[in-house]
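# Reading the structure
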Amino acid sequence: MHSVLGWLKAARANLVNQERRPLPALAMIGPRNCGKTLAIEIFRLALGGYSVPAYGALTNQNGFNGALLDAELLTVDDEVAGKDHRTRARFGQAIKTTLFSSSIGVTRKHREQITVKPIHALVIALNEEPENVMVLPPLDDSL
């Protein structure tokens, strides 16, 4: 619990101070109906009131990632996600780039790509079944 509150405190400080400081993704894994989505709702309210489902934008499923500009809180919650190693590795690289790069490239539909420095926090909520946990990127030294 202390880790979650520390993460939220750091995310809120980034937002209040308008600083793009590295903040790891928060992954919550637990049984169905244990309150993961409720926690995301609390985080959304604490971080400005806006969140966006981010898996598609992070993995560039449709060639556009402009949704990343629509909210400070990025969520992956009950989204259909790839579980093969290549997709998971690409997801991990996208997390790393989005959260830890000094800036990111964003492409909206019918617009040129722009480089921005958004302030983001990312929450991943997964049910505890092994096939659901397999959505997480492989944890290695680079991630």
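In this text, all values refer to a predicted model and were calculated from it rather than measured experimentally.

Analysis parameters
- Residues numbered from 1 in each chain as written.
- Predicted model: local features only at pLDDT ≥ 70, side-chain atom pairs only at ≥ 80, totals over all residues.
- Heavy atoms only, no water.
- Helix = DSSP H or I, 4+ residues; strand = E, 2+ residues; numbered from the N terminus.
- Rg over C-alpha atoms; globule rule 2.2 N^0.38 Å.
- Buried < 20%, exposed > 50% of the residue type's maximum accessible area, 1.4 Å probe, protein only.
- Contact = heavy atoms within 4.5 Å.
- Areas by Shrake-Rupley, 256 points an atom, 1.4 Å probe, with all protein chains shown as cover.
- Lys, Arg positive; Asp, Glu negative; His and termini not counted.
- Charge placed at Lys NZ, Arg CZ, Asp CG, Glu CD.
- Expected span 1.5 Å × (residues − 1).
- Arc of directions from axis to C-beta.
- pLDDT = per-residue confidence, 0-100.
- Pairing = 2+ DSSP bridges.
- Axes fitted to C-alpha atoms, helices over the stretch in contact; angles between N-to-C directions.
- Salt bridge = Lys/Arg side-chain N within 4 Å of Asp/Glu carboxyl O.

### Concerning the overall build of the protein
- Check the secondary structure of the protein and you find 5 helices and 6 strands.
- Across the protein, helices and strands are ordered from the amino to the carboxyl terminus as α-β-α-β-α-β-α-β-β-β-α.
- In terms of C-alpha radius of gyration, the protein reaches 15 Å, essentially the compact-globule figure of 15 Å for 143 residues.
- When its C-alpha atoms are laid out on the principal axes, the protein stretches across 40 × 35 × 30 Å.
- The buried share among the 143 residues of the protein stands at 40%.
- Here the analysis covers contacts within the protein between residues at least 6 apart in sequence; of these, 68% occur between residues at least 24 apart.
- As presented, the protein carries roughly 8,400 Å² of accessible surface, and 53% of it is formed by carbon and sulfur atoms.
- A gap of 5 Å separates the mean positions of the 16 positive and 14 negative side-chain charges of the protein.

### Structural notes on helix α4 (residues 85–100)
- Taking 1.5 Å of rise per residue, the 16 residues of α4 would be expected to cover 22 Å, and the 22 Å separating its terminal C-alpha atoms lies within 8% of that figure.
- Considered for burial, the residues of α4 that qualify are Thr87, Arg88, Phe91, Gly92, Ala94, Ile95, Thr98 and Leu99. Buried residues of α4 fall within an arc of 160° about the axis and therefore sit on the same side. Along α4, exposed side chains directed more than 90 degrees from the buried face belong to His85 and Arg86.
- In this structure, the buried residues of α4 make contact with α3 (55–58), β3 (73–77), β4 (104–106) and β6 (121–127).

### Here we look at the confidence of the model for the protein
- Considering every residue of the protein, the mean pLDDT works out to 85; 93% of them sit at 70 or more.
- Model confidence for the protein, summarised as mean pLDDT per element, is weakest for β4 at 78 and strongest for helix α2 (residues 36–46) at 94.

### Structural notes on the sheet that holds β3
- With respect to topology, 4 strands assemble into an open sheet ordered β1-β6-β3-β2, the strand pairing being parallel. Because the sheet does not close on itself, it has two edges, and the strands there are β1 (26–30) and β2 (51–53). The sheet shows a mean angle of 20° between the axes of neighbouring strands, direction not considered.
- Summarising the sheet, β2 and β3 pair through 3 bridges and their orientation is parallel. Across the sheet, the residue bridging to Ser51 is Leu73, located in β3.
- Set on the sheet, α4 makes contact with β3 and β6; between it and β6 the angle comes to about 150°.

### Here's the deal with the pattern of salt bridges
- Enumeration over the complete set of coordinates arrives at 2 salt bridges.
- The residue Arg44 makes a salt bridge to Glu41 at a minimum N-O spacing of 2.4 Å. Remark: Glu41 and Arg44 occur in helix α2; sequence separation between them is 3 residues, near one turn of the helix.

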